[in-house]
Structures are given as structure tokens and as C-alpha cells.
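For reference, the chains in residue letters:
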Amino acid sequence: MLPSMWKDSGVPADDFYQVRPECTDVPKTKFKIRNGKTLSARRWQAAFSPEGYLEMATVLGRIQRGGIHPSIRGEVWEFLLGCYDPKSSFDEREQIRQKRRIQYMRWKQECKEMDAHVGSGIIVTAPLITEDGQPINDPLVLQQSAPRQNFNAPSSDQPLEKPVIDWKLTLHQIGLDVLRTDRTLVFYESKENLSKLWDILAVYAWIDKDVGYCQGMSDLCSPMIILLDDEADSFWVFERLMRRLRGNFRCTERSVGVENQLQTLASITQVVDPKLHQHLDALGGGDYLFAFRMFMVLFRRELSFGDSLYLWEMMWALEYDPDIFSVYEEPGFASEKAEGSKGKGKSTRQLGKFERENVRSGVPAEGPLPISVFLVASVLKDKSAKLMTEARGIDDVVKILNDITGNLDAKKACSGAMKLHKKYLKKAKKP
């Protein structure tokens, strides 16, 4: 199917991700996969040396402009997100892949020993324990469980430790979110695929105890299940994406993690469109909370499934830095991309266009701003006239921004983000 479709110019992005026929109100794709513009399997393979070393610079431009063909998307994402070093060989990457698969299975087994639902194919949607760790014999859970299996039986008489209680308390929320994620796609009619998503999120919630599981993570993880056949490989691509985004999900009693990006968005808008910022502030929207969802799930709600994948890979290609692999391989979690590594000991040719601009302009002390902030800023800029003339309160702002659902052009938004980035760097430099 893929080769014959590839010969046709202008295949809609969503043709590769079948939507259930009864789902008629999903956003329509605007992005088309075009022969000669989209990164093809042939061009991707040509970027590797016989030993497997990747010359990423030869394909970045094409990804930035035309996206990635779905047949190779998962493999390319592994490099864009820092799973592998472009300077590694085929053999070295295979060794890393096998090592990671073993590590994932160990973590999964650890989770399974704490709760037998993990890996069972059963998706929990009702609380398993109370806040103090006592089992709940909920009829819904008992009905979901396989016959003759007591999933809530304690493994010992010892009380559960707090990290285990905190983790088990999230499992039903993961289940509820999984059952709502991308249900318009035929792919998720399969119970096996839904179970993969639940298992990966359950394992991630256990290993990243600082953040755990938060609503929105299922939207970020879902494409990984679709693009990579092996569950462990899907987990590691999601884990790498969370390295970039986990700061958004870190919440305290006083603040939510995404507030940093919302504050940055306010600063950028104040510089590039001061009248709009003043208007939003006067309406009580100076905290920019109306943009919360765009940051949390990276426009998954505003775009069709295929278009959102194109937007993501375009952003990652623009931000690409080959050093990210070595940074992520350091022990422990990084809350965001490492700072200060841009342009050190390497040619700017190896960087994505957005990162090159940062290097040329001089990276600020607090580190480079993510392209996602400029992407949201470009959407606001595009709706500036409408917001200025029609918004008389925050509800109006939300309504105007909600209207972009199904009408947003991913490529145009990215181009707008790059222009705003350039304008911001120029204006921010002025005394």
C-alpha cells in the first residue's frame, strides 16, 4: 500500500491513520505528503554511511519543510528526540536498543509485582486502593479482572510504602484517559493497542516519581504506540519526549509546571505585539492561562492526527541538536533540554534552523526558549486583529482560539513561529 501511494503526489497525511467511519467531526488534514518534498525512505537511507553513521544535516531541511513519510516516521523520531547518537553505528544502536528493551521489561515486571493488572491486558478504570493504601473491592474492578485472579490481594502483610500508594492511586486515572485517547482511530479499536498505552504510562509513572502521571501524557504517548511496533521502543521514544516536556507536568500546590512557558509567552507577546498583550492583560488574561492546553498536548486537539505529527517533527527538526543524545544518557531525569551545549565544538550546520538562530544571536543565560512558545505566539499573532476587535472578556478569547480547531495550518504556524523568533531576538537585544 505505501509504495503505490508514495508515487502519488499530495497524499493527505491522515490517509495513513484510518479514522473510524462513524467519526465525522474530527479535524480534517491540511498537510499533504508530497513526492520530492517529504523525507522519503530512500532519501533517509541515503543519509547513512555503510557502517550506519548518520549525516542528519542532509535531511533536516526536508523534514523542516515537508515532514517525514509515515513508513519511516518512528525510526526518524528516535533520532530527532535523542534516542540515538547520529555518530553511532548500526551495531552500536542495536546493542543500545536491546539493552533498553531489557531495562523496560525489568521496570514492567517491577510494576507487575506491585499490581498484577500491569501486563495483563486489563485496563483499570476504577480506584484500586484508598489514600492510606487499603484495597478497594470495587465491583467494576472485579468485573474487569480475569476469573479466578485476585488482583487486589496484598503480596504481604506489610503496609504499602508511600511511593507505591501514590503510583497505584494513578492507575485508574491512566485507564480513564487511555480509553478517551484517539478513540476516533481504527488503531485503538484493538484492546491490545490500548493495553500497550496503559502499560507504558503505568511504567513511566513509576520510574518518574517526581512527576508521575498527569492528564495529557496519554495524548503525547499515543503516536509512539502507532509508529513503533515494539512496546519497549515506544516507551523509550515517549520517555525522550518527556525529557523535553516533563517540566510542564510538574505541579505543586502553588503552581503548575506550564506556568513558566505561559509567562514566557506573555513576555514574547509584550515584545512582538505590545497592543495585543495590553488588551489581553486588560481583559484579565495577562496570565495567558487560555493557552494552557496548546502547551500541554502540543496542539493535538487543534489539528488532525496526521497534521499534529507533522507539526511535532517539524518543530523537533527546527530545534535539533545532535548533542542531545549524550545529555540524555547522563544519569537521572533532565527537566528540559540541557542548556549551554549549543554550538560548542560542532558546526552550526548540524543544528536545526531554530537552534542556529539561537547560536548566532547568543543564547541567553537562562537558556534558549522552546519553539513551542513561539508557535503559540504565532497563533495569537494570527488572531490578533480578531482578538483586538471582538474579545470583550476571557470567554471571548477562549472562543476565538477554540475556532482554530480544524482550521490551523501546521506549516504556516511554524513559519510564523520562526519569523516571530527572529523578530523577538532582534527586539530583545535592543537596549
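An account of the accompanying structure is given in this report.

As for the nonpolar core
Part 1: Counting 124 residues, the largest nonpolar core has Trp44, Leu80, Met217 and Phe238 as its most contacted members.
Part 2: Among the elements that make up this core, the one with the highest residue count is helix H8 (residues 191–207) (eleven residues).
Part 3: Not counting residues within four places of it along the chain, the set of residues in contact with Phe238 comprises Ile200, Leu201, Tyr204, Met217, Leu220, Cys221 and Met224.

Considerations on the pattern of salt bridges
Part 1: Here the structure, examined in full by the defined rule, presents 24 salt bridges.
Part 2: Between Glu22 and Arg20 there is a salt bridge, with its nearest N and O atoms 2.9 Å apart.
Part 3: Overall, the relative accessible area of 49% leaves Glu22 in the partly exposed class.
Part 4: We classify Arg20 as buried; its relative accessible area is 19%.
Part 5: Between Arg97 and Asp233 there is a salt bridge, and its shortest N-O distance comes to 2.9 Å. A residue pair is termed long-range when its members are at least 10 positions apart, and Arg97 in helix H5 (residues 90–114) and Asp233 in helix H10 (residues 231–249) qualify at 136 residues.
Part 6: Its relative accessible area of 7% is what places Asp233 among the buried residues.
Part 7: Here the salt bridges share partners, and the residues they tie into one network are Glu78, Arg97, Arg101, Asp230 and Asp233.

Quick look at unusual backbone geometry
Part 1: Notably, Leu298 is not glycine yet its phi reads approximately 50 degrees, a positive angle.
Part 2: Located in the positive-phi region is Phe299, a residue other than glycine, with phi close to 70 degrees.
Part 3: You can call Phe299 buried: its relative accessible area is 2%.

Some thoughts on the packing of aromatic side chains
Part 1: Counting across every chain of the model gives 20 aromatic pairs.
Part 2: Residues Phe31 and Tyr310 carry aromatic rings whose centres are separated by 3.7 Å and whose planes lie at 0 degrees to one another, so their mutual orientation is stacked. One end of the pair, Phe31, is in the loop between strand E1 (11–12) and strand E2 (32–33); the other, Tyr310, is in helix H14 (residues 305–319), with 279 residues separating them in the sequence.
Part 3: Taking 5.3 Å as the distance between ring centres and 85 degrees as the angle between the ring planes, the aromatic pair formed by Phe235 and Trp236 counts as edge-to-face. Just as Phe235 is buried, Trp236 falls in that class too.
Part 4: Site record: aromatic cluster; members linked through ring pairs are Trp44, Phe48, Phe79, Tyr84 and Phe90.
Part 5: In this arrangement the basic side chain of Arg100 is found over the ring face of Tyr84, its NZ or CZ atom lying 5.2 Å from the centre.

Description of helix H7 (residues 162–178)
Part 1: Between its first and last C-alpha, H7 extends 25 Å over 17 residues, near the 24 Å set by a 1.5 Å rise per residue.
Part 2: Buried within H7 we find Val164, Ile165, Trp167, Lys168, Thr170, Leu171, His172, Ile174, Gly175, Asp177 and Val178.
Part 3: Buried positions along H7 lie against H5, H8 and helix H9 (217–227).

How each quantity is defined
Residues numbered from 1 in each chain as written. Predicted model: local features only at pLDDT ≥ 70, side-chain atom pairs only at ≥ 80, totals over all residues. Heavy atoms only, no water. Core = buried A, V, L, I, M, F, W, Y, C linked by side-chain atoms within 4.5 Å. Buried < 20%, exposed > 50% of the residue type's maximum accessible area, 1.4 Å probe, protein only. Helix = DSSP H or I, 4+ residues; strand = E, 2+ residues; numbered from the N terminus. Contact = heavy atoms within 4.5 Å. Salt bridge = Lys/Arg side-chain N within 4 Å of Asp/Glu carboxyl O. Phe/Tyr/Trp six-rings, centres within 6.5 Å; stacked < 30°, edge-to-face > 60°. Lys NZ or Arg CZ within 6 Å of the ring centre and 35° of its normal. Expected span 1.5 Å × (residues − 1).

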